[in-house]
Amino acid sequence: MAVARLLLTPARLRITRLVQRRCLSDSSVDHLSSGLERYKDLQMYFKKRLKATYRRFSDISDYSVVSGHHHVYFIEADGVYRMDKRQSELEPEQVLNLGHISRREENTGLDNEERKQTSQWTVQRIRLSPQEKHLAATLKMDHREEPRCVVVRLPPQDPPNIVLTLDKVFSFEWATDEVLVYTILEGLRCSRVFRLDLNSSGSRITSVYEETHPDVFVEVTLSRNRQILSINCNSRTASEVLLIDTTTSHLEPFPVQPRQMDLLYHVEHWRRWLIILANTGPGQEYQVVQAPLSEPSMVSWAPLFTPNPGTVVKDMDVVGDHCVLVARAPAGELVLIVVPLTHPKEAYTVQLPSWACAIEIKKAGMAEQDSMLEFLISSPVRPPVPYRLYPEDGRLISGTKDGSSPGNRSNYTTTRLEACSQDGTLVPVTLFHTLPVEGLSQAPLMVHVYGAYGRDLNMEFCPEKRLLLEQGWALAYCHIRGGGERGLSWQRQARVEGKHRGVEDLQACLRHIFSSGVSSPSLTALAACSAGAVPVGALCNRHPHMMRAVTLQAPFLDVLGSMEDPSLPLTLEDREEWGDPVGNPKHRLSISSYCPLHNITPQCYPSILLTAYSGDARVPLTGVLKYTEQLKNAIHTHSAMKPKSESEPAPNIVLNIQPGANHLGPEDFELMLEEEALKLAFLYAELSLDIPRPPRKRRR
């Protein structure tokens, strides 16, 4: 059960599952890109280096394998396979062939170019029905946002065959072997829930639930014991959950607690009780409560566990008779808190390795015991390591002998800092480096930031970051307000009229890093994607000399223009985050004070690489184009105003527009490599760094 709704991110870690490069050139956007040619040679070099780096980590652990009663299912480039647990010597059996999906497109009436684009699929997620009678899988294409769901009837009765194809399916779970409950993604919103009934004579689809509020996003999830299916209706500030008891025959949803302003909650199941994570704790932070399944409303909620001040709950699972919480301790490190549900006062904390920055909980398989929790921990520069927690006695066991993998054996340090912001708030910073801090004054520095929607900064393993670290870079992750690293209040402080605090936090982080002896502005680059571009763009307007280069991916830069346009798909939903500049003058004044596009001024900016996607519905391309044009004009004006004797080298403003609708970049491996290689080429060129050469192999 994930506490926060996250954007989908492409799985990039296993090369063997990545599809071949597709020809997606689009002449309609090629002419809008500018300034790319000067980096071509470096880009080719870094693409080779990146490909070699990805190969090194091609066999790292992941949780794409799904375990059924008798088979293990796994994803490959051409579809889904399974192996029989009882007869391991047998060859894997393919149960879903993506080629069959492609051939179905030939009868859709599309022209050749459209058919070529729609015929390339990757598998996103798979779900098994309780007795392995059916499998459902969502498929994704680079050029469109909406996934497709394929339902497959599994042997032994018949050979595997596709029963049904459903378009625009976002979340989906099996209630029984014959009933699939799912949501539909329409215009970046999920507001409708449907039920698919399968029987010997065919199938039937009926409506289960429809959300009327435009700012509410609907998902379906299944409890760990598979007995309760949840319909989660969440906005930025309120929750409502409906439950379906899968052990009953009627499968009718019933509400837990009706929506209430500023009440957020998430539900798990234990015996005849609901275990609820709700923001009813001190300071409206999360605590664990319980309620009878028969009387689930808020009047029946009884507190079970409240974390200590400064400890922030990020996720919750129920394993056997224990509630296991993923939490962030006051110093920023990840921990597990185990709450025995029969004796909640005996809760205890399990320390994880100090380098752990991200955790992925394995979805429990049908045949797996309820006595342990399996998970992966990683950091941006450390590949995932599998662990098992046995809540009954607190044993924490690594899947490897020494808690590492071959790719983890390197000499680097994780340092946690705190920067004092303008209002006295301490802002956490996570720093990765190979040299001691006192030896980093001449090291290039890459600074990452996000700070929006209550989401933590993404700190999962990334081979590109590992490559930078090995080349002597220091990597800093600034956990500014607006994100969720220090709880729900951390987001509330930098929401709507408090957005300026995120910009002030970022400025304070940079100053603290520099004052600690790490790098310098001339060797510093900032990196952000989507809404993370707002504090970065605002800082570039206010203090452009604090960094030399910036890379922005799918950047949100025209906050004012976007929030003024209710026809855009996310405007109404995002008013709780950014405000309403049309209906509230204070909100308009606040947005106008920091909006990157509307505060460009003639001055010497850092060099900026902007990567955008022509079909991105989340961040309109028009805002990126306006920003690029106005920024170039401002730089030109500034240059023309200065005497030639005082002129500085002009920064490079580089626009890379790619075809496709993926907000977070291409899932195709070759296209992703080209995009990342361009970023590295840009950074090395703009920071005037020597090109790293791979170490020569020793001759015997």
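Rules behind the numbers
- Residues numbered from 1 in each chain as written.
- Predicted model: local features only at pLDDT ≥ 70, side-chain atom pairs only at ≥ 80, totals over all residues.
- Heavy atoms only, no water.
- Buried < 20%, exposed > 50% of the residue type's maximum accessible area, 1.4 Å probe, protein only.
- Helix = DSSP H or I, 4+ residues; strand = E, 2+ residues; numbered from the N terminus.
- Arc of directions from axis to C-beta.
- Contact = heavy atoms within 4.5 Å.
- Polar contact = N/O pair within 3.5 Å; in protein donor to acceptor, adjacent residues only side chain to side chain.
- Pairing = 2+ DSSP bridges.
- Axes fitted to C-alpha atoms, helices over the stretch in contact; angles between N-to-C directions.
- Expected span 1.5 Å × (residues − 1).
- Salt bridge = Lys/Arg side-chain N within 4 Å of Asp/Glu carboxyl O.
- Parallel < 35°, antiparallel > 145°, perpendicular 65-115°, else oblique.
- Left-handed = near helix turned anticlockwise from the far one by under 90°.
- Nonpolar A, V, L, I, M, F, W, Y, C, P; charged D, E, K, R; others polar.
- Phe/Tyr/Trp six-rings, centres within 6.5 Å; stacked < 30°, edge-to-face > 60°.
- Lys NZ or Arg CZ within 6 Å of the ring centre and 35° of its normal.

## Details of helix α11 (residues 585–594)
The set of residues buried in α11 consists of H587, S590, I591 and Y594. End-on, the buried residues of α11 take up no more than an arc of 95°, which puts them together on one face. Of the residues in α11, the exposed ones pointing more than 90 degrees away from the buried face are P585 and L589. In the core, the buried residues of α11 are packed alongside α8 (533–542), α9 (559–563) and α10 (571–578). The N-capping residue of α11, defined by a side-chain oxygen 2.9 Å from the backbone nitrogen of K586, is N584.

## Re the sheet that holds strand β13 (residues 217–222)
The strand order across the open sheet built from four strands is β13-β14-β15-β16, with neighbouring strands paired in antiparallel fashion. Every other strand in the sheet has two partners, leaving β13 and β16 (254–255) as the edge strands with one partner each. Pairing of strand β15 (residues 239–245) with β16 involves two bridges; the strand directions are antiparallel. Across the sheet, the residue bridging to L242 is P255, located in β16.

## A look at the sheet that holds strand β11 (residues 189–199)
One open sheet holds the four strands; their spatial order is β9-β10-β11-β12, and the pairing between them is antiparallel. Strands at the two margins of the open sheet, each flanked by one partner only, are β9 (169–174) and β12 (202–210). The mean inter-strand angle of the sheet, taken between neighbouring strand axes irrespective of direction, is 25°. Across four bridges, the pairing between β9 and strand β10 (residues 179–186) is antiparallel. Paired with W174 across the bridge in β10 is L180.

## Considering unusual backbone geometry
In this structure, the amide linkage connecting P155 to the following residue, P156, adopts the cis form with an omega of 20°. Assignment of secondary structure puts P156 in the loop between β7 (148–153) and β8 (161–167). Non-glycine residue R271 carries a positive phi angle of around 50°. Here R271 lies in the loop between β17 (265–270) and β18 (273–278). For R271, a relative accessible area of 51% translates into the label exposed.

## Examining helix α13 (residues 669–686)
An ideal rise of 1.5 Å per residue puts 26 Å on 18 residues; α13 measures up with 26 Å between its terminal C-alpha atoms. The buried fraction of α13 amounts to 16 of the 18 residues, a majority that puts the element mostly inside the structure. Where α13 ends, the next residue or the one after it, S688, has phi of about 55°, a positive value.

## Quick look at the pattern of salt bridges
Here the structure, examined in full by the defined rule, presents 32 salt bridges. Across the pair D84 and R86 runs a salt bridge whose closest N-O atoms are separated by 3.0 Å. One salt bridge connects E211 with R259, and the closest N-O pair in it is separated by 2.7 Å. Taken together, the positions of E211 in the loop between β12 and β13 and R259 in the loop between β16 and β17 put the pair 48 residues apart, joining distant regions of the chain. Taking the relative accessible area as the measure of exposure, E211 reaches 5% and is therefore buried. Looking at R259, the relative accessible area reads 26%, which means it is partly exposed. Through salt bridges with shared partners, one network takes in K47, K51, E670 and E674.

## Some thoughts on the packing of helix α7 (residues 500–515) against α8
As a packed pair, α7 and α8 sit with axes 9 Å apart at the nearest point and diverge in direction by 70°. Put simply, α7 runs roughly perpendicular to α8. As for the relative orientation of α7 and α8, their crossing is right-handed in sense. Packed against α7, whose contacting residues are G502, V503, L506, Q507 and L510, the element α8 presents P535, V536, A538, L539 and R542 at the interface. When the residues that make up the contact of α7 with α8 are grouped by side-chain class, the tally is seven nonpolar, two polar and one charged.

## Some thoughts on the packing of helix α2 (residues 40–56) against α13
For the pair α2 and α13, the least separation of the axes is 8 Å and the interaxial angle reads 120°. With respect to α13, the axis of α2 lies oblique. The chirality of how α2 crosses α13 is right-handed. Contacts from L42, Q43, F46, K47, L50, K51 and Y54 in α2 reach F669, E670, M672, L673, E674, E676, A677, L678, L680, A681, Y684 and A685 in α13. Residue composition of the contact of α2 with α13, grouped by class: 13 nonpolar, one polar and five charged.

## Side note on the pairing of strand β3 (residues 79–84)
Looking along a regular strand, one sees side chains alternate from face to face of the sheet. Across the six residues of β3, five count as buried, placing the element largely inside the fold. The sheet contact formed by strand β2 (residues 71–76) and β3 spans six bridges and is antiparallel. Paired with F74 across the two strands is Y81, which belongs to β3. What sits between β2 and β3 in their antiparallel hairpin is a turn of two residues. Two strands pair when backbone bridges link them, and β3 and strand β4 (residues 93–97) are joined in this way by four bridges, in the antiparallel orientation.

## Notes on the side chain of Q43
Secondary-structure assignment places Q43 in helix α2. Take Q43: its relative accessible area is 12%, and that puts it in the buried class. A distance of 2.9 Å separates a polar atom in the side chain of Q43 from the backbone oxygen of E674. The contacts of Q43, once residues within four sequence positions are left out, are E674, A677, L678 and A681.

## Side note on the packing of aromatic side chains
Applying the stated criterion across every chain yields a total of 14 aromatic pairs. Geometrically, the ring pair formed by Y54 and F669 is edge-to-face, given 5.4 Å between the ring centres and 70° between the ring planes. With a gap of 615 residues between them, Y54 in helix α2 and F669 in helix α13 connect regions that are remote in the sequence. Members of the aromatic cluster, connected to one another through ring pairs, are Y45, F46, W473 and Y684. Across from the ring centre of Y450, 5.1 Å away, lies the NZ or CZ of R455, which sits over that ring.

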